[in-house]
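Listed below, chain by chain, are the residues.
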Amino acid sequence: MTAAHVTLCFLLRDGPDSEHVLLGTKKTGFGRGKVVGVGGHVEPGETASQAACREVLEEVSVVVAPEDLVPAGTVDFVFPARPEWDMATTVFLTRAWQGEPSESDEIAPAWFPVNRLPVERMWADAEHWLPAMISGQRIAVQVRLAADNENVAEVHTVEWAGPA
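Everything in this summary refers to the structure shown in the same document. Keep in mind that this is a model prediction, so the values were computed, not measured.

### Some points on the overall build of the chain
Okay, so step 1: Regarding its fold elements, the chain presents two helices and nine strands.
Okay, so step 2: Tracing the chain from N to C terminus, the helices and strands come up as β-β-β-β-α-β-β-β-α-β-β.
Okay, so step 3: Over its C-alpha trace the chain gives a radius of gyration of 15 Å, about what one expects of a compact globule, namely 15 Å for 164 residues.
Okay, so step 4: The principal-axis extent of the C-alpha atoms belonging to the chain is close to 40 × 35 × 35 Å.
Okay, so step 5: In the chain, which comprises 164 residues, the proportion classed as buried is 46%.
Okay, so step 6: Accessible surface computed for the chain: about 8100 Å², of which carbon and sulfur atoms make up 52%.
Okay, so step 7: Computed over 12 positive and 24 negative side-chain charges, the inter-centroid distance for the chain is 4 Å.

See the structure below:
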């Protein structure tokens, strides 16, 4: 089975005390109840950047232009107990968008200080790669989940060469 191609896009802004990132509480489907990045599946005929822009618009009602996306790396999620959940993720950052993030049927967005991510409410893998990508590291990460599909069994990180 082939991993699903997905994207994540993290909106960044300066906050009163530090840099902030837009995350959202997932309201439906896979990961319901967890705090996640904005993103989703790449549709047939779309590039990863086109998918990221579409997903940001659908999930939090803001417009991001493809040229404002900064490629940050990749994260391959491997679920040995549920291989149909495997995902190949392209991660983007942006500091430019139009509109104010608002809640959708899928996501309730909120700004969080980058130095105080709500890791206790996120997928267990996020703390292994998200702070590094936000801080400017460009990495390719493979996350192998444990048999419970929640906890992390292994994380492998290498320097990312950039988009193919």
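### Points about the packing of aromatic side chains
Okay, so step 1: Summed over the entire model, instances satisfying the criterion amount to six aromatic pairs.
Okay, so step 2: Seen in terms of ring centroids, Phe30 and Trp123 are 5.3 Å apart; in terms of plane orientation they differ by 25 degrees. Their pairing is stacked. Of this pair, Phe30 sits in the loop between strand S2 (19–26) and strand S3 (35–36) while Trp123 sits in the loop between strand S7 (107–113) and helix H2 (126–134), and the two are 93 residues apart along the sequence.
Okay, so step 3: Taken together, a centroid distance of 5.8 Å and an interplanar angle of 25 degrees make the contact between Trp97 and Trp111 stacked. A residue pair is termed long-range when its members are at least 10 positions apart, and Trp97 in the loop between strand S6 (87–94) and S7 and Trp111 in strand S7 qualify at 14 residues.
Okay, so step 4: Sitting above the plane of the Trp123 ring, Lys34 keeps its charged end 4.8 Å from the centroid.

### Here's the deal with the pairing of strand S8 (residues 139–145)
Okay, so step 1: Within S8, five of the seven residues are buried, which leaves the element mostly enclosed by the surrounding structure.
Okay, so step 2: Bridge analysis of strand S5 (residues 70–78) against S8 gives six bridges, and the strand direction is parallel. Following the sheet pairing, Phe77 is matched in S8 by Val143.
Okay, so step 3: Here S8 runs beside strand S9 (residues 152–159); their pairing, made up of seven bridges, is antiparallel. Looking at the pairing, Ala140 lines up with Val158 of S9.
Okay, so step 4: The antiparallel hairpin formed by S8 and S9 contains six residues in its connecting segment, where Asn149 sits at a positive phi of about 60 degrees.

### Re the pattern of salt bridges
Okay, so step 1: In the structure shown here, the tally under the stated rule is eleven salt bridges.
Okay, so step 2: The shortest N-O distance in the salt bridge between Glu55 and Arg54 comes to 3.1 Å.
Okay, so step 3: Across the pair Arg82 and Glu84 runs a salt bridge whose closest N-O atoms are separated by 2.6 Å.
Okay, so step 4: Each of Glu43, Glu46, Arg54, Glu55 and Glu58 takes part in a single network of salt bridges with overlapping partners.

### Side note on H2
Okay, so step 1: Within the sequence span of H2, burial applies to Ala126, Trp129, Leu130, Ala132, Met133 and Ile134.
Okay, so step 2: Contact partners of the buried residues in H2: strand S1 (4–14), S2, S5, S6 and S8.
Okay, so step 3: Once H2 finishes, Gly136 follows within two positions and takes phi at roughly 110 degrees, a positive value.

### Some points on the state of the cysteines
Okay, so step 1: Summed over all chains, the structure comprises zero disulfides.
Okay, so step 2: In this structure Cys9 is a free cysteine whose sulfur lies 6.9 Å from that of Cys53, the closest cysteine sulfur available.
Okay, so step 3: With relative accessibility at 1%, the residue Cys9 sits in the buried group.

### Digging into the nonpolar core
Okay, so step 1: Judged by nonpolar contacts, the single largest core of 28 residues is most densely connected at Phe10, Leu23 and Trp129.
Okay, so step 2: Elements supplying a minimum of two residues to this core: S1, S2, S5, S6, H2 and S8.
Okay, so step 3: Broken down by element, this core gets its largest block of residues, six residues, from H2.
Okay, so step 4: Membership of the second largest hydrophobic core comes to 17 residues, among which are Cys9, Leu22, Ala48 and Val56.

What counts as what
- Residues numbered from 1 in each chain as written.
- Predicted model: local features only at pLDDT ≥ 70, side-chain atom pairs only at ≥ 80, totals over all residues.
- Heavy atoms only, no water.
- Helix = DSSP H or I, 4+ residues; strand = E, 2+ residues; numbered from the N terminus.
- Rg over C-alpha atoms; globule rule 2.2 N^0.38 Å.
- Buried < 20%, exposed > 50% of the residue type's maximum accessible area, 1.4 Å probe, protein only.
- Areas by Shrake-Rupley, 256 points an atom, 1.4 Å probe, with all protein chains shown as cover.
- Lys, Arg positive; Asp, Glu negative; His and termini not counted.
- Charge placed at Lys NZ, Arg CZ, Asp CG, Glu CD.
- Phe/Tyr/Trp six-rings, centres within 6.5 Å; stacked < 30°, edge-to-face > 60°.
- Lys NZ or Arg CZ within 6 Å of the ring centre and 35° of its normal.
- Pairing = 2+ DSSP bridges.
- Salt bridge = Lys/Arg side-chain N within 4 Å of Asp/Glu carboxyl O.
- Contact = heavy atoms within 4.5 Å.
- Disulfide = S-S within 2.5 Å.
- Core = buried A, V, L, I, M, F, W, Y, C linked by side-chain atoms within 4.5 Å.

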